[in-house]
Amino acid sequence: RIPIARGLGASAVARAGVSGQGAFAVQCGVFASRTGADALARRISARGFSASVQEETRGDRAWWAVRVGGFSTFASAKAACSKIEAAGFDGFVVP
């Protein structure tokens, strides 16, 4: 597992101004297996954040990123990231 960022829950997402289709997200991790990504997404969701797993291809490899987001502004994504970190997860803002 390569730690990358944390995720936000549904109520926290609503408070942070997340539209679901925004330009920014908080990335919590990237995994070489879907199983690892799903496990992190479940842990993040259990803490009240709405996390999703997105498949990405780099070169000839598939990777699975765990993200929380759809934030309309960088500032709202950064605020969400701070809440995710306070909940004990790693996180950073990605476009």
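See above for the structure.
Summary of the structure given here. Computed from a predicted structure; not experimentally measured.

**Structural notes on the overall build of the protein chain**
- When its secondary structure is counted, the protein chain shows three helices and five strands.
- Traced from its N-terminal end to its C-terminal end, the protein chain shows the element sequence β-α-β-α-β-β-α-β.
- The burial tally for the protein chain puts 45% of its 95 residues in the buried class.
- Looking at the protein chain as shown, the accessible area adds up to about 4800 Å², and 53% of this sits on carbon and sulfur atoms.

**Focus: helix H3 (residues 74-86)**
- Over its 13 residues, H3 extends 18 Å from the first C-alpha to the last, a length consistent with the 18 Å expected when each residue adds 1.5 Å.
- Positive phi appears at Gly88, one or two residues downstream of H3, with a value of about 100°.

**Some points on the packing of aromatic side chains**
- Under the counting rule described, the total for this entry stands at one aromatic pair.
- Between the aromatic rings of Phe24 and Phe74, the centroid separation amounts to 5.9 Å while the plane-to-plane angle is 80°, which identifies the pairing as edge-to-face. Residue Phe24 is found in strand S2 (residues 24-31), and its partner Phe74 is found in helix H3; the two are separated by 50 residues along the sequence.
- The class for Phe74 is partly exposed, based on a relative accessible area of 47%.
- Over the aromatic face of Trp63 sits the side chain of Arg61, whose NZ or CZ is 4.6 Å from the ring centroid.

**What to know about helix H2 (residues 34-46)**
- End to end, H2 covers 18 Å across 13 residues, agreeing with the expected 18 Å (1.5 Å per residue, within 8%).
- Looking at the packing, one finds that the buried side of H2 touches S2, strand S3 (52-58) and strand S4 (61-71).

Here is what the cut-offs are and how they apply
- Residues numbered from 1 in each chain as written.
- Predicted model: local features only at pLDDT ≥ 70, side-chain atom pairs only at ≥ 80, totals over all residues.
- Heavy atoms only, no water.
- Helix = DSSP H or I, 4+ residues; strand = E, 2+ residues; numbered from the N terminus.
- Buried < 20%, exposed > 50% of the residue type's maximum accessible area, 1.4 Å probe, protein only.
- Areas by Shrake-Rupley, 256 points an atom, 1.4 Å probe, with all protein chains shown as cover.
- Expected span 1.5 Å × (residues − 1).
- Phe/Tyr/Trp six-rings, centres within 6.5 Å; stacked < 30°, edge-to-face > 60°.
- Lys NZ or Arg CZ within 6 Å of the ring centre and 35° of its normal.
- Contact = heavy atoms within 4.5 Å.

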